[in-house]
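# Analysis of the macromolecular model
For reference, the chains in residue letters:
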Amino acid sequence: MRIYLSLSIAACTLLAACAHTPPSDDARTLAIVGATVVRPELDAAHAAVPDTTVVIRGERIIAVGPSATTKIPDGAERIDGKGRWLIPGMIDGHVHFFQSGNLYTRPDVADFNSTVPYAQEVARNKSRLAATFKVWLASGVTSVIDVGGPFWNFDVRNAANNSSAAPRVATTGPLISMVARPQLDLGDPPIVKIESAEAARALVAREMPHKPDFIKVWFVREPNDDLAKKEAIVKATADAAHAAHVRLAVHATELDTAKAALRAGADYLVHSVFEDPIDDEFIELMRKNHALLCPTLFVTNGYRWALSNQWQATPEEQRLADPQILVAMHDLERIPKDKIPARAAKLMADHKTPPVPTVSLQNLKKLEDAGIPIVMGTDAGNIGTLHGPSVFREMALMHDAGLTPLQILRSATTNGARAFGNPDLGAIAPGKLADLILLDADPLSDVANLSHAERVIKGGVVYDPKSLIDSIR
Ligand SMILES: [Zn+2]
């Protein structure tokens, strides 16, 4: 007991964070012994620290050091880390819990109401939350940011906070949108069309009592838009959010809307620019705002694969996705032809292989080289982009863009923590929250090895990925 106390006091003298929440004497102690600890915040020469022991007390890391000299408290549970790699828990900077990833989840894009009514789909997503939380954890993702959905998104955050097996959830309320999506309105719409600065301020005011982690704008371009008028709405939204010390996230996928969003005050662009090559002015605007950018490289093709009935689960999805959703991904094979919406019917008839997102990949490389902080995120929940293991599709594309495994891991940890807004996440150091993944293969030699989690630890609690998935079958 004396050792426990002296360790926690030693750690706390160094860390102001501990002063407010000293670990109780009976907090469980856990040691991961002899692993190669990966520190994504460091450069390539220093990021991998072999033969390291990490000691966890309660929900926090209390010591990190060479195995030869790091004391393991008496009675600590031990996990053998030899021949394994320990990384910070990953963070997906862009998800939507109101969507499931299946065909029925976006009737505004493809209307399958005659097969599965949208209300039934949303009811499924609510009742299946506990399982959705587990697929995230099983995939090694210990925190996610929901960047827009109905007001019940705030209940999702509460449910995650009160769940024994869930990622940490940051959340955003309804999108302040430039376009209407009445197909998604069941009384608590995720997307609300806003046509004036006053209306924007009013919706921000309605969201504030729920303590949103971001305010989100859906800056969708339409033909013959008055871009200046829309920029003014985004500016009013940004000003209202910032006045309440809440950051502004913006969906803007064209170069002109993305620049307008940044001029208006965006802190977080939740997509890259898809259509046009970015330029120096865009990079300067990103720098000026200290903005973060989440490229979401896979999501567009996710729709194309799924709606053309060519979507196939990756091995990681077969292992780690919600089995209910995996089964539903092939429903186009059984839906009668007359019930298939025109958009899907056309994609099925064309049967084209979705294109490589060349411009997005080139833009990502330019941003990374310019030192803009990149946040890994999937836009999971959209059709074809499944909660959990879609992170591995996204990170494979980031590698195709020319990012190194270390840069990709940094986007999913160090920078993800910045997006999440919690400095206690995303790193393996004393005082940080004990959100960790133990891998059986080197994530710095091949980004695909990030899917090799043997154990996932969140807040000091150890999970076996396979048991998590088995529990939702
Ligand atoms: Zn999104």
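Located above this text is the structure these notes cover.
The model shown is predicted, which means the values in this text are computed figures rather than measured ones. (Residues numbered from 1 in each chain as written. Predicted model: local features only at pLDDT ≥ 70, side-chain atom pairs only at ≥ 80, totals over all residues. Heavy atoms only, no water.)

### Digging into the sheet that holds strand β6 (residues 90-95)
Spatially, β6-β7-β8 is the arrangement adopted by the 3 strands of the open sheet, whose pairing is parallel. The outermost strands of the open sheet, each flanked by one partner alone, are β6 and β8 (168-171). Ignoring strand direction, the axes of neighbouring strands in this sheet form an average angle of 15°. Relative to strand β7 (residues 141-146), β6 runs parallel, the two sharing 4 bridges. Within β7, the position partnered with D92 by the bridge is V144. (Pairing = 2+ DSSP bridges. Helix = DSSP H or I, 4+ residues; strand = E, 2+ residues; numbered from the N terminus. Axes fitted to C-alpha atoms, helices over the stretch in contact; angles between N-to-C directions.)

### Points about the coordination of the zinc ion
Surrounding the zinc ion are the protein donor atoms H94 (NE2), H96 (NE2) and D379 (OD), at 2.0 to 2.1 Å. All donors to the zinc ion come from one chain, and their sequence spacing reads H-x1-H-x282-D. Of this pair, H96 sits in the loop between β6 and α3 (118-127) while D379 is found in the loop between α14 (358-369) and α15 (390-400), placing the two residues 283 residues apart along the sequence. Considered together, H96 and D379 belong to a single accessibility category, that of buried residues. (Donors = N, O, S within 2.8 Å, 3.2 Å for Na, K, Ca; no water. Buried < 20%, exposed > 50% of the residue type's maximum accessible area, 1.4 Å probe, protein only.)

### Re the nonpolar core
Membership of the largest hydrophobic core comes to 97 residues, with the highest contact counts inside it found for F219, L269, F282 and M395. The element contributing the most residues to this core is helix α4 (residues 129-138), with 7 residues. Excluding its chain neighbours within four sequence positions, the residues that come into contact with L269 are V250, A258, A261, L262, F282, M286, L292, L293 and C294. Membership of the second largest hydrophobic core comes to 21 residues, among which are F112, L307, I335 and I340. (Core = buried A, V, L, I, M, F, W, Y, C linked by side-chain atoms within 4.5 Å. Contact = heavy atoms within 4.5 Å.)

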